[in-house]
Protein chains: 2
Amino acid sequence: MVTVAVDAGGADLGPREVAAGAARAAEKGIRVVLFGSASEIGAVPAGIELVDAPVSIAKQAEPANAVRTTPEASIVQATRAVAEGRAQAFVSGGSTGPALAAALFNLRRDRGVYRPALALPIPNPGRSPILLLDVGANVTCRPEHLVQFAHMGSAFAQAVLGLDSPRVALLSNGEEPGKGTPELVAAHEQLAGSRGTGLGFVGNIEGTQIFEGVADVVVMDGFTGNITLKLIEGVSSRALRVVTETAATTARGRLGNSLIGPAMEQLRESIDPEGPGGAYMLGLRQLGVVAHGRFSARGFAHAIEVAARGVQQDVIGRTRTALQEAGALRPASGRESPGDDGPGRDRPKRELAAGPSEPAATVSTQ
Amino acid sequence: MVTVAVDAGGADLGPREVAAGAARAAEKGIRVVLFGSASEIGAVPAGIELVDAPVSIAKQAEPANAVRTTPEASIVQATRAVAEGRAQAFVSGGSTGPALAAALFNLRRDRGVYRPALALPIPNPGRSPILLLDVGANVTCRPEHLVQFAHMGSAFAQAVLGLDSPRVALLSNGEEPGKGTPELVAAHEQLAGSRGTGLGFVGNIEGTQIFEGVADVVVMDGFTGNITLKLIEGVSSRALRVVTETAATTARGRLGNSLIGPAMEQLRESIDPEGPGGAYMLGLRQLGVVAHGRFSARGFAHAIEVAARGVQQDVIGRTRTALQEAGALRPASGRESPGDDGPGRDRPKRELAAGPSEPAATVSTQ
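Going along each chain's sequence as written, the residues are numbered from 1 onward. Working convention: letters from A go to chains and numbers from 1 go to ligands, in the order in which they are written. The predicted nature of this model means local features are confined to residues of pLDDT at least 70 and side-chain atom pairs, given and counted, to a pLDDT of 80 or more, with totals for whole chains, interfaces and linings taken over all residues. Derived side-chain values reflect all non-hydrogen atoms in the structure, with water molecules and hydrogen atoms excluded from consideration.

Caption draft 1: Broad picture of the sheet that holds strand 6 (residues 127–133) of chain A. Residues and elements named next belong to chain A. Strands sit in the order 3-2-1-4-11-10-5-6-9-7-8 across an open sheet of eleven strands; the sheet is mixed. The open sheet has two free edges, formed respectively by strand 3 (48–52) and strand 8 (200–205), since each of these has just one partner strand. Sheet twist, expressed as the average angle between the axes of neighbouring strands with direction ignored, equals 25°. Paired strands, as defined in this entry, are two strands with at least two bridges between them according to DSSP. Segments assigned H or I by DSSP are reported as helices when at least four residues long, segments assigned E as strands when at least two residues long, and all are numbered from the N terminus. Strand direction decides the pairing type here: strand 7 (residues 167–171) and strand 8, joined by five bridges, are parallel. Within strand 8, the position partnered with Ala169 by the bridge is Gly203. The axes are straight lines fitted to the C-alpha atoms, using for helices just the contacting stretch, and the angles between their N-to-C directions are given from 0 to 180°.

Caption draft 2: Representation of the pattern of salt bridges. Residue and element names in this part refer to chain A. By convention in these notes, a salt bridge is any Lys or Arg side-chain nitrogen within 4 Å of a carboxyl oxygen on Asp or Glu. Under the definition given, this model contains 20 salt bridges over all chains. With a closest N to O distance of 3.9 Å, Lys59 and Asp12 form a salt bridge. You can see Lys59 sitting in the loop between strand 3 and helix 3 (63–69) and its partner Asp12 sitting in the loop between strand 1 (3–7) and helix 1 (15–27), a full 47 residues away along the chain. Of the charged contacts, one joins Glu305 and Lys28 as a salt bridge, the two residues approaching to 3.6 Å between their closest N and O atoms. Of this pair, Glu305 sits in helix 11 (residues 297–312) while Lys28 sits in the loop between helix 1 and strand 2 (31–36), and the two are 277 residues apart along the sequence. By relative accessible area, which is 59% here, Lys28 ends up exposed. Each residue is assigned to one of three classes by its accessible area relative to the maximum for its type, calculated with a 1.4 Å probe on protein chains only: buried under 20%, partly exposed between the two thresholds, exposed over 50%.

Caption draft 3: Fine view of the pairing of strand 6 of chain A. Residue and element names in this part refer to chain A. Two strands pair when backbone bridges link them, and strand 5 (residues 117–124) and strand 6 are joined in this way by five bridges, in the antiparallel orientation. Bridging from a neighbouring strand, Ile122 pairs with Ile130 of strand 6. Counting the residues between successive antiparallel strands, the hairpin from strand 5 to strand 6 contains two residues, one of them, Gly126, with a positive phi of roughly 85°. Relative to strand 9 (residues 217–219), strand 6 runs parallel, the two being bridged by three bridges. Residue pairing in the sheet places Leu133 in a bridge with Val219 of strand 9.

Caption draft 4: Just the packing of aromatic side chains, in detail. Think of it this way: a Phe, Tyr or Trp ring, Trp meaning its six-membered ring, pairs with another when their centres are within 6.5 Å, and the plane angle makes it stacked under 30 degrees, edge-to-face over 60, tilted otherwise. Per the counting criterion, the structure on display carries four aromatic pairs over all chains. Centroid distance Phe295 of chain A to Phe300 of chain A: 5.9 Å. Interplanar angle 65°. Geometry classified as edge-to-face. Taking relative accessible area as the criterion, Phe300 of chain A reaches 0% and is therefore assigned buried. Here Arg238 of chain B stacks its cationic end above the ring of Phe211 of chain A, 3.9 Å away from the centre of that ring. Whether a charge sits over a ring comes down to the Lys NZ or Arg CZ being within 6 Å of the ring centre and within 35 degrees of the ring normal.

Caption draft 5: Fine view of the interface of chain A and chain B. Two residues form a contact once any of their heavy atoms are found within 4.5 Å. Each partner contributes to the interface: chain A provides 56 residues, whereas chain B provides 56 residues. Of all residues in chain A, Phe223, Arg238 and Leu259 of chain A give up the largest surface area on contact with chain B, accounting jointly for 15% of the area buried on that side. Counting across the chain A and chain B interface gives two salt bridges. Among the salt bridges present, the one from Glu206 of chain B reaches Lys230 of chain A, with a minimum N-O distance of 2.0 Å. For the side of chain A that touches chain B, the secondary-structure elements that each account for two or more residues are strand 5, helix 7 (182–192), helix 8 (222–247), helix 9 (251–259), helix 10 (261–270) and helix 14 (359–363) of chain A. By residue number, the principal contributor to the side of chain A that touches chain B is helix 8 of chain A, which donates 20 residues. When two parts are put together, the accessible area they lose, computed with a 1.4 Å probe and summed over both, is reported as buried area.

Caption draft 6: Region of interest: the environment of Gly203 of chain A. Residue and element names in this part refer to chain A. The topology assignment puts Gly203 in strand 8. Separated by 101 residues in the primary sequence, Gly203 and Ala102 place their C-alpha atoms 34 Å from one another. Apart from residues lying up to four places away in sequence, Gly203 is in contact with Val168, Ala169, Leu170 and His188.

Caption draft 7: Structural view of the sheet that holds strand 6 (residues 127–133) of chain B. Residues and elements named next belong to chain B. The sheet built from eleven strands is open, its strands ordered 3-2-1-4-11-10-5-6-9-7-8 with mixed pairing. Across the chains shown, the open sheet's two edge strands, defined by having one partner strand only, are strand 3 (48–52) and strand 8 (200–205). When the angles between neighbouring strand axes are averaged without regard to direction, this sheet yields 25°. Helix 6 (residues 143–159) contacts strand 5 (117–124), strand 6, strand 7 (167–171), strand 9 (217–219) and strand 10 (279–282) of the sheet and is inclined by roughly 160° relative to strand 9.

Caption draft 8: Inspection of the state of the cysteines at higher detail. Put simply, a disulfide is two cysteine sulfurs that come within 2.5 Å. Under the counting rule described, the total for this entry stands at zero disulfides over all chains. Cys141 of chain A carries a free sulfur, and the closest cysteine sulfur to it, the one in Cys141 of chain B, is 19 Å from it. Residue classification places Cys141 of chain B among the buried positions, given a relative accessible area of 7%.

Caption draft 9: View of the relation of the copies chain A and chain B. Copies overlap after least-squares fitting; the atoms used are the C-alpha atoms of residues with pLDDT of at least 70 in both. Each copy of the sequence occupies a distinct position, and chain A is placed on chain B by a rotation of 180° and an axial shift of 0.0 Å, giving an RMSD of 0.0 Å. Taken together, the rotation angle and the small translation identify this as a two-fold axis. No C-alpha of chain A lies nearer the rotation axis than that of Gly256 of chain A, which sits 1.9 Å from it. A shared binding surface is used by both copies, with 100% of the interface residues of chain A retained as interface residues in chain B.

Right under this line is the structure:
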């Protein structure tokens, strides 16, 4: 039985909504330890262990600092529970920055991993989902980060999406290997060479191709990932709106709208951020899932379920093995350029100094 | 009467298709000088002046080098015609790289402009179009480039889209001023300060907001612009496909599909790349329009028409004035950091050395 530590602070609809989601997950046989304000949550649903943690740092502008100075914060306690073995994965219901900072502080990066990444499976009706990563953990990335993301994504697609040999692509502004930012061009070269060992690397794809079924895993830096994700959501919604609003100007069109209602509903579901439950945080020593603060109980229940599934499918172990076999792990010591994330052991403090969502954190390592 | 120099080389459907588009534009009172293979084009349509230029460099991997060594190439001749005053704008029917290289070589950057940008108005049914720039001229950009793009886009929106005070935004991964790449954060700071003088700067917007009508001009680097453009195209097409295919599995849905046909058609038109005719190349001493190689005669006709309209509306002059009034022009000399695009006069040769579509061109200036 898997235990998931859930941060109930920071959710837009309040900790009670998260608790309701936790109750649904508990009904499916998942043990949940909930960290949030006992007075706001009120009656604790059956099957849930509640730890009173009324302090939330979800809205803090400097998450790294907040994590260090607020050990009692709900997300800090939730990640500590995983670090101490009281749970096997955590779910954050607040914003990405504090969740990432708390995870780096308490769980730390897995040995040989440069940067954790957020991976999100996007439904593609009639086809298998497309895994996008990084969807927001790292604003800028070096080539070796992107190379690791490719392996992390592939291992995840095998473990969780059930694909035997996932096809992995880089998102770029052209299919040719020379297209893209300098970081993408270098990552392409490494993935096409020995660093792509064991990987079904299919090269670059363009934005038009994401849903064409040419790749199962699409790798990008966290800035591009955020833009991509938001565009998928925004452009799909707009397409639905344009069609239904235009149709609604005539009687024929209004009838048409009602007849294709189920089809519209299917598209709406495919872009519903609550469906996938949130993004998986990969590259840490244990698993985390970052839900969106806007989620309702349904979304939080999904987040807890996917976290439990990730533990059962050993996402972390499989990712570690894939990186190892491809020789894509960070060298152990002394072989890196100055300013690298290494050398040697993890340095959570250094990363935390600037904060994971601060551009400065990545500038200083270039 | 405006004369447009048109490169007929590089179009996927061949130079005859470009000639057919030119004929349509000529019917609307635009003078066209066509540069392409006389033997392939055959009979010259009425109102068109044909210059036999059978050599195309549209598919060359190193456009900058090709431009220098192939003065007889159709795109090189077309841009030279504009430089020598035989035409007031050019239209390229091939790929962006050679068009940009030829334009930099023959037309050069306007005084005080760091980099030319490609600006594309995207239809937004029921609302005014959204101008995106840069959609592909510069893979990476420094903050001062983005600041100039903001002014170029605003001037364009006034001149061509007819907006009195366009609202200008930066595309980022969050609305807060501190969100985004280091370049975006710095550009935001400048635009919120004196470098935003005369500009309706509204701050950062996210990908979900592009079509929400919160900004008329959305600024980004050319890599992000390419991804954005292709995602809008790809995600809209997918949305249409999912809805119609899902609906088509039932008799009710098939009827619904036929009833909302006109609404679907309107969305299809709004994402048809041939509609806007191509992207405007801003920041040069004269105007260029980059059509897509896949275009049919209809798209090329649009491209020639928008080029002529840009000349009539004095896009170049208005852009120059806007940059000047905001103090956003490149300093005249000696006040720049090493590795800048300056100092002083334009340096087309230096930019051409690496080629406009080569990442190396931008790496070297960071």
